[in-house]
Structure formats: structure tokens, C-alpha cells
Amino acid sequence: MATNFAIVGATGNVGTEMLEILSKSDMDIGEVYAVASRNSLGREVSFGDRTLKCLDIETFDFAKCDIALMSAGGTVSKEWSPRIAAKGAVVIDNSSAWRMDPDVPLVVPEVNADAVEGFAKKNIIANPNCSTIQMVVALKPLHDRAGVKRVVVSTYQSVSGAGKKAMDELWLQTKGIYVNNDLPAINFPKQIAFNVIPQIDVFMDDGYTKEEWKMKVETKKILGSSIKVSATCVRVPTFVGHAEAINVELGEELSADDARALLRESPGLMVIDNPVAEDDEANYITPVECVGEFATFVSRIREDSTQDNTLDMWVVSDNLRKGAALNAVQIAELLVHRKLVSN
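Reference entry: report on the structure contained in this document. (Residues numbered from 1 in each chain as written. Predicted model: local features only at pLDDT ≥ 70, side-chain atom pairs only at ≥ 80, totals over all residues. Heavy atoms only, no water.)

**Focus on the environment of Lys-87**
- Structurally, the position occupied by Lys-87 is in the loop between α2 (74–86) and β7 (90–93).
- Judged by relative accessible area, Lys-87 falls into the partly exposed class, the value being 49%.
- Considered as a pair, Lys-87 and Asn-123 are 36 residues apart in the sequence and their alpha carbons are 9.8 Å apart. (Helix = DSSP H or I, 4+ residues; strand = E, 2+ residues; numbered from the N terminus. Buried < 20%, exposed > 50% of the residue type's maximum accessible area, 1.4 Å probe, protein only.)

**Thoughts on the sheet that holds strand β2 (residues 29–36)**
- Across the sheet, six strands lie side by side as β5-β2-β1-β6-β7-β8; this open sheet has parallel pairing. Of all the strands in the sheet, the pair left with one neighbour each is β5 (55–56) and β8 (124–126).
- As paired elements, strand β6 (residues 67–70) and β7 share four bridges and run parallel to each other. Bridging from a neighbouring strand, Leu-69 pairs with Ile-92 of β7.
- Those strands touched by helix α1 (residues 13–23) are β1 (3–8), β2 and β6, and its axis lies near 160 degrees from that of β1. (Pairing = 2+ DSSP bridges. Contact = heavy atoms within 4.5 Å. Axes fitted to C-alpha atoms, helices over the stretch in contact; angles between N-to-C directions.)

**Concerning helix α5 (residues 164–178)**
- Along its 15 residues, α5 runs 22 Å from first to last C-alpha, staying within 8% of the 21 Å computed at 1.5 Å per residue.
- All of the buried residues along α5 are Ala-166, Met-167, Glu-169, Leu-170, Gln-173 and Gly-176.
- Buried residues belonging to α5 abut α1. (Expected span 1.5 Å × (residues − 1).)

**As for a nonpolar patch on the surface**
- A contiguous nonpolar surface patch, about 370 Å² in accessible area, is contributed by Trp-171, Leu-172, Leu-183 and Phe-239.
- With respect to the helices, strands and loops of the structure, Leu-183 is situated in the loop between α5 and α6 (210–223). (Patch = residues over 30% accessible without salt bridge, like charges linked within 9 Å, V, L, I, M, F, W, Y side chains within 5 Å. Areas by Shrake-Rupley, 256 points an atom, 1.4 Å probe, with all protein chains shown as cover. Salt bridge = Lys/Arg side-chain N within 4 Å of Asp/Glu carboxyl O.)

**Details of the pattern of salt bridges**
- For the structure shown, the criterion picks out 19 salt bridges.
- In this structure, Arg-321 and Glu-20 form a salt bridge, with 2.8 Å as the shortest nitrogen-oxygen distance. Separated by 301 residues along the polypeptide, Arg-321 in helix α9 (residues 321–337) and Glu-20 in helix α1 bring together distant segments of the chain.
- Using a relative accessible area of 30% as the deciding quantity, one classes Glu-20 as partly exposed.

**Some thoughts on the state of the cysteines**
- Scanning all chains against the criterion turns up zero disulfides.
- Unpaired in terms of disulfides, Cys-54 finds its nearest cysteine sulfur in Cys-65, a separation of 15 Å.
- This cysteine, Cys-290, is not joined by any disulfide, and Cys-130 carries the nearest cysteine sulfur, 12 Å off.
- With a relative accessible area of 0%, Cys-290 lands in the buried category. (Disulfide = S-S within 2.5 Å.)

**Thoughts on the environment of Arg-235**
- Topologically, Arg-235 is positioned in strand β10 (residues 228–235).
- Spatially, the C-alpha atoms of Arg-235 and Asp-318 are 15 Å apart, while their sequence positions differ by 83 residues.
- Not counting the four nearest positions on each side in its chain, Arg-235 is found in contact with Gln-157, Ser-158, Val-159, Gly-161, Ala-162, Phe-188, Ile-192, Asn-195, Val-196, Ile-197, Ile-200 and His-242.
- A polar contact of 2.7 Å, which involves the side chain of Arg-235, links it to the backbone oxygen of Ser-158. (Polar contact = N/O pair within 3.5 Å; in protein donor to acceptor, adjacent residues only side chain to side chain.)

**Topic: a negative patch on the surface**
- Together, Glu-278, Asp-279, Asp-280, Glu-281 and Glu-289 give the surface a local cluster of negative charge.
- Following the sequence through the fold, Glu-278 ends up in the loop between β12 (269–271) and α8 (287–290).
- By relative accessible area, Glu-278 is classed as exposed at 82%. (Lys, Arg positive; Asp, Glu negative; His and termini not counted. Charge placed at Lys NZ, Arg CZ, Asp CG, Glu CD.)

**Thoughts on the side chain of Asp-312**
- Secondary-structure assignment places Asp-312 in strand β14 (residues 310–317).
- Buried charge without a partner: Asp-312 forms no salt bridge, and the closest opposite charge is Arg-302, 4.6 Å away.
- Setting aside anything within four residues of it in sequence, one finds Asp-312 in contact with Ile-246, Asn-247, Arg-300, Ile-301, Arg-302 and Asp-304.

**A look at the layout of surface pockets**
- In this model, the largest pocket occupies a volume close to 1,100 Å³.
- Along its surface, the largest pocket is lined by 45 residues, and Gly-73, Asn-94, Gly-161, Ala-162 and Gly-163 are the ones closest to its centre.
- Those elements that provide at least two residues to the lining of the largest pocket are α1, α2, α6 and α9.
- Sorting elements by how many residues they give to the lining of the largest pocket places α1 first, with three residues.
- Taken together, the residues of the lining of the largest pocket break down into 14 nonpolar, 23 polar and eight charged. (1 Å grid on protein atoms, 1.4 Å probe; cavity = no way out; pocket = protein on both sides within 12 Å on 5 of 7 lines; lining within 4 Å. Points joined across faces, edges and corners; volume = space filled by probe spheres on them. Nonpolar A, V, L, I, M, F, W, Y, C, P; charged D, E, K, R; others polar.)

**What to know about the packing of aromatic side chains**
- On inspection of all chains with the given rule, the structure shows five aromatic pairs.
- Measuring from ring centre to ring centre gives 6.3 Å for Phe-62 and Trp-80, while their planes differ by 50 degrees; the resulting arrangement is tilted. With Phe-62 in the loop between β5 and β6 and Trp-80 in helix α2, this residue pair connects regions lying 18 residues apart in the sequence.
- Accessibility expressed as a relative area gives 2% for Phe-62, which makes it buried. (Phe/Tyr/Trp six-rings, centres within 6.5 Å; stacked < 30°, edge-to-face > 60°.)

**Regarding unusual backbone geometry**
- Of note, Phe-194 is a non-glycine position whose phi angle comes to about 55 degrees, a positive value.
- Within the fold, Phe-194 resides in the loop between α5 and α6.
- Given a relative accessible area of 53%, Phe-194 falls into the exposed group.
- The backbone of Asp-201 sits at a positive phi, close to 75 degrees, despite the residue not being glycine.
- Following the sequence through the fold, Asp-201 ends up in the loop between α5 and α6.
- Residue classification places Asp-201 among the partly exposed positions, given a relative accessible area of 34%.

What follows is the structure, encoded as C-alpha cells:
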């Protein structure tokens, strides 16, 4: 039977991506409902070649859907995800609200697909942080082969990770600087145009930011509690696409060539890394080139000359796709293909 979906937060950056990706899925899809706040009631959004009118979350009957893809922020999710789940729909939530709940699986299909089966305790599945997703997709094959012991990662995260208003701020600040009209920082702690900001989310007592904490604890929950993670998360003035410089210490020796070959054969990954190529385009991928792509790209794989059994690599992904919407739809596909949702 066909599966019915609700997209909650359908007018946001991730919500619109969810609708686009879902429209191309091979699932047997029945009804699709675009749901948002009352302020967006009647607003039109696209689903393939169809136009959907947004429904009010306060009055929509979630008993009509089998799966709810939730991308409306943590506050909304804390209130509404249990209410939606109580109606019988499985909630796949994109916020941080449920990620560290021990009764809620945190799932990246290429990495820990079997964890999806634990959803029944609360009828909620959590989507990891966008930066965590692309990192663990790249780490999983290395972990299976040689055991990941420690990860040191620096991120270069686009403004789309902070929402549409943040994207508008970069655009307006950039234009303003060219005409000597400086605009104040509103959505960021400092100017983002022509700048980088080594702070994403709030600072915690140990000096790390909450974004950096998320990468640590989520990686442990997904890959293994023994893995040590140290992250520095930086906002950069690009619109879409997150990049990460990752240093990974392994339990066993693995050459750069062997790692390159292993990652090339791994699901969800594309390796663009030819160290002997004369053309730099054959050596690495940048955020601009990954926009609109489903894959996580790995480049610049090399052995760390300062430490045994350690590799460096450059990982890039479209944060609105694999880092959010695509991962959620892939989780939905797991549920449907494993017949874990009832129609």
C-alpha cells in the first residue's frame, strides 16, 4: 500500500528540499501534506509537478499520515513530535531535540541502518547534525576496516545551516560592503561577509560550542562510545555546502592508497582525489561543486607524517541535502522497505 507523508516545516530551506527529494523517491507514495505554522496557511509549495497548499499544524489531523518528516526546529519538535507519534505516524526529526534521547535512534542509513528498528519506543527517529552526518559517512568504512580511535575535525560550515535569515544576512552584508553601507550582525555574533566566525551555537563550560559538542556525542552514539572526537566548528561566508578537514587516528595501519580504494567502494561516497593529476580539478571538490548533489565527497586523502596509523582528508557535502533532507528521506525509505510502517 502507498505511504502517506506529512512535511512539517514545509516552507523552510530543508522542508522544500524534503519535498523535492521525496518527489523523486522510488517509494509508493500516497498523499503528501505540507504542514507549517498558521502564518503559512495556504502558502503554496512544490512537490514534483504538483502544487501543495500549506496546512496549519494546529488543526491538521496527523492520523492521516504514516510518516512525518519534521523540520521545524527543536522547540516545535519537543512539543509536536510526541503528539504526532501518538497519532500513529513515525516522526523523523531534523532538529537536535531528540538526538541524545536513549529511546530514540540516531540514524545515518549508510552507517547504522539497523538502528532504525529501535524507533518503536517513542515512534521518533532523529536525524543527526549536518556536520556529523557527512563525517560519519566518511569514517564508517575506515572504522570497519581499521577501527577509528580518535578524530580531530575542523569544519567550514555554510550560512544555510543557520536558516534563510542567515543566508539573507550574508547576501545583504556583502552587497552593503560594496557600497559602503555596513549592516550590523543580527543572526551571527560577528560580521559574516568576507569573514569567518569560530563559533556555531552557544559556548559551553568547557570552552567548546554546542555544535562542537554535538559532533562529539552524536559520533559516539552512531559509531561507538570509545571514539574520541575534538571539533572546531567555523561558520564561513558560503551559502550552501559544508566542508571538513578531518584527521583520523586508526587502530591499525591503513595507507592512503588503500583508504582511497576503500572509500571509492563505499555507499554514499564519491572520491575525487588524484594526487598525481596536473589539473587541480581532479584533486579535490569544493562546497560550490557539491551543491545539489546527493553524495558526500572525499578528497585530499593522505597519511599524517607526524603520527602512526593516522590519515588526513577533506570531506564536502550539501548540508541541505545529505546533511538534512536526503538523510531524512533515506530513513523513511528504510522504514518502508523493511515494512516497519503500517498503512
